[in-house]
Amino acid sequence: MATLDIFNNDAFSVSQLTQTIVDIPRVPTQLGDEGLFNEYGITTTTMMIERTGSGLRLVPTAPRGGVGQTAGREKRKLIPIAAVHLPQRDQILADEVQNVRAFGSETEVEGVQRLVNRQLAQLKGNLDLTLEHMRVGALRGQVLDSDGVTPIWDLYDIFGMQRQTLGFNINTANTAVDLRQKTEDLKRAIQRKLGGKSFTRVRVKCSESWFDKFVGHDKMYKAWELYQQGVFNREFPGQNFVFNGVVFQVYSGGVVDDNGLEHDFIPEGKAYAYPEGVRGMFQIAYAPGDYMSTVNTMGVPYYASQERLPHDKGVAIESQSNPIVLNTLPEAVIELTTKAT
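Draft legend 1. Just the layout of surface pockets, in detail. In this structure, the largest pocket occupies an estimated 680 Å³ of space. Along the wall of the largest pocket there are 27 residues; nearest its centre are H133, D145, S146, D147 and G148. Of all elements in the fold, only β5 (86–93), α4 (108–140), β6 (142–144), β12 (254–256) and β13 (262–264) reach the threshold of two or more residues within the lining of the largest pocket. By residue number, the principal contributor to the lining of the largest pocket is α4, which donates 9 residues. For the lining of the largest pocket, the class distribution of residues is 12 nonpolar, 10 polar and 5 charged.

Draft legend 2. Layout of the pattern of salt bridges. Applying the stated criterion across every chain, the model contains 14 salt bridges. The partner of E184 in a salt bridge is R180, with the nearest N and O atoms 3.9 Å apart. Remark: R180 and E184 occur in helix α6 (residues 179–193); sequence separation between them is 4 residues, near one turn of the helix. Close ionic contact of R203 with E276 constitutes a salt bridge, the shortest N to O distance being 2.7 Å.

Draft legend 3. Local environment of the packing of aromatic side chains. All chains considered together, the criterion is met by 14 aromatic pairs. Relative to W210, the ring of F168 has its centre 5.3 Å away and its plane inclined at 65°; by these criteria the two rings are edge-to-face. You can see F168 sitting in the loop between β8 (164–167) and α6 and its partner W210 sitting in helix α7 (residues 208–215), a full 42 residues away along the chain. We note that F168, like W210, is buried. An aromatic cluster of three or more residues is present, and its members are F168, W210, F211, F214, W224, F241, F243 and F248. In this structure, K124 is placed above the aromatic ring of Y302, and the distance from its NZ or CZ to the ring centre is 4.7 Å.

Draft legend 4. How the structure looks around the sheet that holds strand β14 (residues 270–276). The strand order across the open sheet built from 6 strands is β8-β19-β14-β9-β11-β10, with neighbouring strands paired in mixed fashion. Strands with a single pairing partner mark the edges of an open sheet, and in this sheet they are β8 and β10 (240–243). The mean angle between the axes of side-by-side strands here comes to 25°, regardless of whether they run parallel or antiparallel. Sheet topology note: the β8/strand β19 (residues 334–337) ladder contains 4 bridges and is parallel. Along β19, the bridge assignment pairs L166 with L336.

Draft legend 5. Expanded view of the environment of K313. Locating K313 in the fold gives a position in the loop between β16 (303–308) and β17 (314–321). Through-space distance from the C-alpha of K313 to that of A94 is 5.5 Å; in sequence the pair is 219 residues apart.

Draft legend 6. Expanded view of the environment of I152. Within the fold, I152 resides in strand β7 (residues 151–154). As a C-alpha pair, I152 and A82 span 70 residues in sequence and 10.0 Å in three-dimensional space. Excluding anything up to four places from it in sequence, I152 contacts V84, M134, V143, L144 and D145.

Draft legend 7. Just a negative patch on the surface, in detail. Side chains of E208, D212, E262, D264 and E268 sit close together on the surface and give a patch of like negative charge. Of all the secondary structure elements, the ones that give two or more residues to the negative patch are α7 and β13. Inspection of the secondary structure puts E208 in helix α7.

Draft legend 8. Broad picture of the nonpolar core. Counting residues in hydrophobic clusters, the biggest one holds 87 residues, and the most contacted among them are L186, V204, F214, F241, F248 and L336. It is α4 that provides the largest number of residues to this core, a total of 12 residues. L336 has contacts with L166, F168, L186, V204, W210, G269, K270, A271 and A273, leaving out every residue within four places of it along the chain.

The rules behind the values
Residues numbered from 1 in each chain as written. Predicted model: local features only at pLDDT ≥ 70, side-chain atom pairs only at ≥ 80, totals over all residues. Heavy atoms only, no water. 1 Å grid on protein atoms, 1.4 Å probe; cavity = no way out; pocket = protein on both sides within 12 Å on 5 of 7 lines; lining within 4 Å. Points joined across faces, edges and corners; volume = space filled by probe spheres on them. Helix = DSSP H or I, 4+ residues; strand = E, 2+ residues; numbered from the N terminus. Nonpolar A, V, L, I, M, F, W, Y, C, P; charged D, E, K, R; others polar. Salt bridge = Lys/Arg side-chain N within 4 Å of Asp/Glu carboxyl O. Phe/Tyr/Trp six-rings, centres within 6.5 Å; stacked < 30°, edge-to-face > 60°. Buried < 20%, exposed > 50% of the residue type's maximum accessible area, 1.4 Å probe, protein only. Lys NZ or Arg CZ within 6 Å of the ring centre and 35° of its normal. Pairing = 2+ DSSP bridges. Axes fitted to C-alpha atoms, helices over the stretch in contact; angles between N-to-C directions. Contact = heavy atoms within 4.5 Å. Patch = residues over 30% accessible without salt bridge, like charges linked within 9 Å, V, L, I, M, F, W, Y side chains within 5 Å. Areas by Shrake-Rupley, 256 points an atom, 1.4 Å probe, with all protein chains shown as cover. Lys, Arg positive; Asp, Glu negative; His and termini not counted. Charge placed at Lys NZ, Arg CZ, Asp CG, Glu CD. Core = buried A, V, L, I, M, F, W, Y, C linked by side-chain atoms within 4.5 Å.

Following this line, the structure appears as structure tokens:
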């Protein structure tokens, strides 16, 4: 019969628990699954971004007294950005472990590991949802805390840039608007803000209401009808629409609050257009966890650990992530509305 002494086994060390939580499949998240953000680890809890004119780049570390990176004669500004700490806890009580017994070839360690993995899977799901919320926030230019109000990073303020907005004038289906020209204006606006950087194409993440009004507009009906004729050859029919070289895609994702109200990550009546293929534009840096065993090591997306509860009542399971989620060119993301410009 399993006892709490089993948690002294190496299978429940920080390194093994961290590897376990990494191996748990990620909750489906659109931006995370598409790989829009370049994700990597750092060895510190703060990173530096260097701004030269309208350009931004990471500043590499160097030994104290070492030779720094040459940056030319442009006016430079170093911007420090600190990682945010995302810890959460669960617990496994003594009675839960007591009821896990060996069966067949199963060892007590393997039985308890399944119990721990079940708890870790729930914690990882929460972290995945939080990271996706941050990715969408970075796309929109402002990463908010879980309350949906408190800014963690206002990227426009941090980088000294301004939000760009373009109205499509599609509140009603019969407005006099040239939507082909609107998409041309959109692509040109993004190109101007990229400062000469190349990109592959423009993608628009749309709220359901924005997308419905766009494809339902009188000037778009024929193009949408023709596109739908080949829908059986496409994945996620009805959720994507390519028009004039721009990919319009419904973003379905959000949370339900304690009162049962839904809060979409992309607000109703809004859409966000961004360039694909711009190197270093979207980034997530992961700082090390705040454990003695991870100090000054390369950060990873998830950490997990366990410790005894007071009076030996059970063990507390913790998971955490320490990300910096960035859009280094927020001006190149255009907020689209259904209103006229």
